[in-house]
Amino acid sequence: MKTALLCASLTLFGCGASALETARLTVQYTAEAGNAADETLSPRYVSAARDALAETLEAGEDLEAYHERMQTWDGAAHSLQALFSALHVAQRALDAWEAGDDSHWLGAAGCVVSALGELADGLTAVGVPIPDALTKALETLTGFTSAACEGARR
Amino acid sequence: MKTAGLILEMIARLASVAAGALGGREKEPAKRVEEVWTQNRTALAKAEADDAAAKALEPN
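Rules behind the numbers
- Residues numbered from 1 in each chain as written.
- Chains lettered and ligands numbered in written order.
- Predicted model: local features only at pLDDT ≥ 70, side-chain atom pairs only at ≥ 80, totals over all residues.
- Heavy atoms only, no water.
- Helix = DSSP H or I, 4+ residues; strand = E, 2+ residues; numbered from the N terminus.
- Areas by Shrake-Rupley, 256 points an atom, 1.4 Å probe, with all protein chains shown as cover.
- Contact = heavy atoms within 4.5 Å.
- Buried area = accessible area lost by both parts, 1.4 Å probe.
- Salt bridge = Lys/Arg side-chain N within 4 Å of Asp/Glu carboxyl O.
- Polar contact = N/O pair within 3.5 Å; in protein donor to acceptor, adjacent residues only side chain to side chain.
- Nonpolar A, V, L, I, M, F, W, Y, C, P; charged D, E, K, R; others polar.
- Buried < 20%, exposed > 50% of the residue type's maximum accessible area, 1.4 Å probe, protein only.
- Axes fitted to C-alpha atoms, helices over the stretch in contact; angles between N-to-C directions.
- Parallel < 35°, antiparallel > 145°, perpendicular 65-115°, else oblique.
- Left-handed = near helix turned anticlockwise from the far one by under 90°.

Turning our attention to the overall build of chain B. The helix and strand tally for chain B stands at three helices and zero strands. Along chain B, helices and strands appear, N-terminal first, in the series α-α-α. Of the roughly 4400 Å² of accessible surface on chain B, a fraction of 61% belongs to carbon and sulfur atoms.

Right, here's the structure in full:
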């Protein structure tokens, strides 16, 4: 529902005065999606790490073997951290926009879109279900940057 | 002319629905990232797991 309303706003209001507020809401919803992914992933990561450590000890192997077992999970964790960082950068870009400088927003939004895509891949690789909020955030943010790129090309 | 009028009316109605639906949201300021996602729990879990593995698997 939130996604549909945001898309409607982008279509109807374009790059008017409410663009900043729409961007703020989009970042909020994306952060909520990231938080949901974090809630889903963290206990599964803990469980996978315990299993990997137990297997490594039983096999009499070393730390390198443990990290090899955890490689895919670490990939997912890394992509989540990338989204976490990208969102904080986007927040700073929004603050600058509010202060009159919107030059950083598109780049920051692009980084968030990229991080969202990598996170979706990372979660799929470890068999963790992708929260609906995450899929919808990706669709919404992609639409936002596409609309802005369309405007720039005119 | 009639068609243009109908289209304009439709857009106005859509805008009013969207504005009304967003009305509650617009009165509340959007939350900041740090209010919504306070810490990366997976990153903390990874750090702890790596530490535990290093201690358990360090050569004697």
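Now that the structure is up, let's keep going.
Turning our attention to the interface of chain A and chain B. On the chain B side, the residues contacting the 39 residues of chain A number 31 residues. Approximately 3100 Å² of surface area, both sides summed, lies buried where chain A meets chain B, with 68% of it carried by carbon and sulfur atoms. In this assembly, chain A and chain B are joined by three salt bridges. Here R41 of chain B makes a salt bridge to D38 of chain A, at a shortest N to O gap of 3.7 Å. In this assembly, chain A and chain B are joined by 10 residue pairs in polar contact (both at pLDDT 80 or more). Mapped by element, the contributors of at least two residues to the side of chain A that touches chain B are helix 1 (2–13), helix 2 (19–58), helix 3 (63–69) and helix 4 (71–98) of chain A. The biggest single contributor to the side of chain A that touches chain B is helix 2 of chain A, with 20 residues. Its residues placed into classes, the side of chain A that touches chain B shows 19 nonpolar, 10 polar and 10 charged.

Turning next to the environment of A54 of chain A. Residue and element names in this part refer to chain A. As for its position among the elements, A54 is in helix 2. Residue A54 is classed as partly exposed on the basis of its relative accessible area, which comes to 43%. Sequence separation between A54 and Y66 is 12 residues, and the spatial gap between their C-alpha atoms is 9.2 Å.

Moving on to the packing of helix 2 of chain A against helix 5 (residues 105–125) of chain A. Residue and element names in this part refer to chain A. Contact pair helix 2 / helix 5: the axes reach a minimum separation of 12 Å and the direction vectors enclose 25 degrees. Comparing the axis directions of helix 2 and helix 5 gives the class roughly parallel. Pair helix 2 / helix 5 crosses with left-handed handedness. Two secondary-structure elements touch here, helix 2 through A23, V27, T30, A37 and L41 and helix 5 through W105, V112, L116, L119 and L123.

As a further point, take the pattern of salt bridges. Tallying each qualifying case throughout the model produces 10 salt bridges over all chains. Here R24 of chain A ties to E98 of chain A by a salt bridge, and the two come within 2.6 Å at their closest N and O atoms. Of this pair, R24 of chain A sits in helix 2 while E98 of chain A is found in helix 4, placing the two residues 74 residues apart along the sequence. The shortest N-O distance in the salt bridge between E55 of chain A and R69 of chain A comes to 3.2 Å. In this pair, E55 of chain A is assigned in helix 2 and R69 of chain A in helix 3, connecting sequence segments 14 residues apart. Linked through salt bridges whose partners overlap, the residues forming this network are R24, D95 and E98 of chain A together with R32 and E34 of chain B.

Honestly, it's all geometry; don't read function into it.
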